[in-house]
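Per-entry structural report
Chain residues, written in single-letter form:
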Amino acid sequence: MELTYYGHSCFGLHVGSSRLLFDPFIRPNALAKDVQVDQIEADFILLSHGHYDHVSEVEEIGKRTNAPLVGMFEVLSWFEQKGLQAPYKMNIGGRAQLPFGSVKMVPAVHSSSMPDGSYGGIAGGFVLETGEGNLYFAGDTALSYEMKLIGERTKLDVALLPIGDNFTMGIDDALQAAQWLGVKRVVGMHYDTFPPIKLDHEAAQRKAQAAGVELVLMNLGQTINL
């Protein structure tokens, strides 16, 4: 699996012959000003919830690539009304079989509404099980004991966790989550984009090292192998 970071909580994941895109929020993010949105390819777009800072480029990229959306029923229904493909409407606990493997929607402790203020269902995360490894994308969430259950039921290779605090869990709770999930490699997300989620990188790395966790803080546009 190859993971590319586009800023905030937006990632591209190349697994098998499929290109996945998570929570596209790029143009409004000043830190992502050099990302070429019109060059991002996607076969599937996965949406954790409806907040603007996770969906700003869904319509643009979805219509250009014709990529089907995967996520919460209410979020996908909203975008379906805008002409996007939304065949994978899910809810918490549901699993979809896709060409690269399976996607299960799991709980997140967070609010959700659409950019126009309409109801966005509830927030969620995704557990991906593929022939190249298993990945947990937490979305926006607080620490939850549900994460321990995820780790007990799925052998995860890596977890993508929010670490910016204020709107989601911070680094301390993320490291507790890593322990419950049974992962030693965490890719951080949802930090530095706005002043309330500014991260002290050095302090976070010290805490991760003390916990025996590899904390990966990717550069914008960087691609890594998982």
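Residues numbered from 1 in each chain as written. Predicted model: local features only at pLDDT ≥ 70, side-chain atom pairs only at ≥ 80, totals over all residues. Heavy atoms only, no water.

Under an unreviewed UniProt entry, the name given to the protein chain is UPF0173 metal-dependent hydrolase ASU33_06325, and the source organism is Solirubrum puertoriconensis. UniProt, in its Sequence similarities (unreviewed entry) section for the protein chain, records the words "Belongs to the UPF0173 family." (UniProt positions renumbered as here; feature names shortened; annotations may be inferred.)

Some details on the overall build of the protein chain
For the protein chain, the count of helices and strands is 5 helices and 14 strands. Against the globule reference of 17 Å for 226 residues, the protein chain gives a C-alpha radius of gyration of 16 Å, in line with a compact fold. With the principal axes as the frame, the protein chain shows a C-alpha extent of 50 × 35 × 35 Å. Within the span of the protein chain, comprising 226 residues, buried residues form 57% of the whole. Summarising the internal contacts of the protein chain: among those between residues at least 6 apart in sequence, 60% fall at separations of at least 24. Just so you have it, the protein chain exposes about 9600 Å², and 47% of that area is on carbon and sulfur atoms. Charge centroids of the protein chain, computed over 17 positive and 26 negative side chains, lie 3 Å from each other. (Helix = DSSP H or I, 4+ residues; strand = E, 2+ residues; numbered from the N terminus. Rg over C-alpha atoms; globule rule 2.2 N^0.38 Å. Buried < 20%, exposed > 50% of the residue type's maximum accessible area, 1.4 Å probe, protein only. Contact = heavy atoms within 4.5 Å. Areas by Shrake-Rupley, 256 points an atom, 1.4 Å probe, with all protein chains shown as cover. Lys, Arg positive; Asp, Glu negative; His and termini not counted. Charge placed at Lys NZ, Arg CZ, Asp CG, Glu CD.)

Comments concerning the UniProt feature "domain: Metallo-beta-lactamase" (unreviewed entry) in the protein chain
Following the UniProt record, the feature "domain: Metallo-beta-lactamase" (unreviewed entry) maps to residues 7–190 here. The distance separating the terminal C-alpha atoms of residues 7–190 is 8 Å; by composition the span is 19% helix and 29% strand.

Let's talk about helix α5 (residues 201–211)
Those residues of α5 not exposed but buried are Ala203, Ala204 and Ala208. Around the axis of α5, the buried residues are gathered within 135 degrees of arc, so they sit on the same side. Seen from the buried face of α5, the exposed residues on the opposite side, beyond 90 degrees, are Glu202, Arg206, Gln209 and Ala210. Buried positions along α5 lie against α4 (171–181) and β13 (214–216). (Arc of directions from axis to C-beta.)

Quick look at the environment of Phe22
Relative to the helices and strands, Phe22 resides in strand β3 (residues 18–22). We classify Phe22 as buried; its relative accessible area is 0%. In contact with Phe22, not counting residues within four places along its chain, are Ser9, Cys10, Phe11, Leu13, Leu46, Phe126, Leu128, Leu135 and Phe137.

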